[in-house]
Amino acid sequence: MKKGVYTTLVAAGSAALGAYIFSDENRKSKIKSQYHKVKNQLLGEETNTIEKAGKPEEVSHHEDSKMVSEGAQFGVQYYNDYKENKEDTSQ
């Protein structure tokens, strides 16, 4: 009997917490972005194109590797500038 009461209380508390968290748009967007970030890390996906451009040596970026071997450095230079600007603004 008590097990059913505890289950009901936990379910009601979870629903109330979920409603509270998702009622604010700012919190909702933060949770969604964190969810997608964790999902991409677990699946090994890299969605940021700037990150992909800065790593042409990886096998999965065959076309980028080919362009860099032919002398193209735009992607690598852009990635380096992006990282430097990101570090400057974070300090």
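Conventions and cut-offs
Residues numbered from 1 in each chain as written. Predicted model: local features only at pLDDT ≥ 70, side-chain atom pairs only at ≥ 80, totals over all residues. Heavy atoms only, no water. Patch = residues over 30% accessible without salt bridge, like charges linked within 9 Å, V, L, I, M, F, W, Y side chains within 5 Å. Areas by Shrake-Rupley, 256 points an atom, 1.4 Å probe, with all protein chains shown as cover. Salt bridge = Lys/Arg side-chain N within 4 Å of Asp/Glu carboxyl O. Lys, Arg positive; Asp, Glu negative; His and termini not counted. Charge placed at Lys NZ, Arg CZ, Asp CG, Glu CD. Helix = DSSP H or I, 4+ residues; strand = E, 2+ residues; numbered from the N terminus. Phe/Tyr/Trp six-rings, centres within 6.5 Å; stacked < 30°, edge-to-face > 60°. Lys NZ or Arg CZ within 6 Å of the ring centre and 35° of its normal. pLDDT = per-residue confidence, 0-100. Contact = heavy atoms within 4.5 Å.

1. Considerations on a negative patch on the surface
Side chains of Asp81, Glu84, Glu87 and Asp88 sit close together on the surface and give a patch of like negative charge. On the secondary structure map, Glu84 appears in helix α5 (residues 74-90).

2. Focus on the pattern of salt bridges
Tallying each qualifying case throughout the model produces 1 salt bridge. A salt bridge links Asp24 to Arg27, with the nearest nitrogen and oxygen atoms 4.0 Å apart.

3. Comments concerning the packing of aromatic side chains
Evaluation of the coordinates by the stated rule reveals 0 aromatic pairs. The side chain of Arg27 reaches across the aromatic face of Tyr20, ending 4.3 Å from its centre.

4. Quick look at the confidence of the model for the protein chain
In the predicted model, the protein chain carries a mean pLDDT of 76, and 63% of its residues have values of at least 70. Per-element mean pLDDT across the protein chain ranges from 60 in helix α3 (residues 49-53) up to 89 in helix α1 (residues 2-23).

5. Quick word on the environment of Ile31
In this fold, Ile31 is placed in helix α2 (residues 25-43). Leaving out residues up to four positions away in the same chain, Ile31 has contacts with Ile21 and Phe22.

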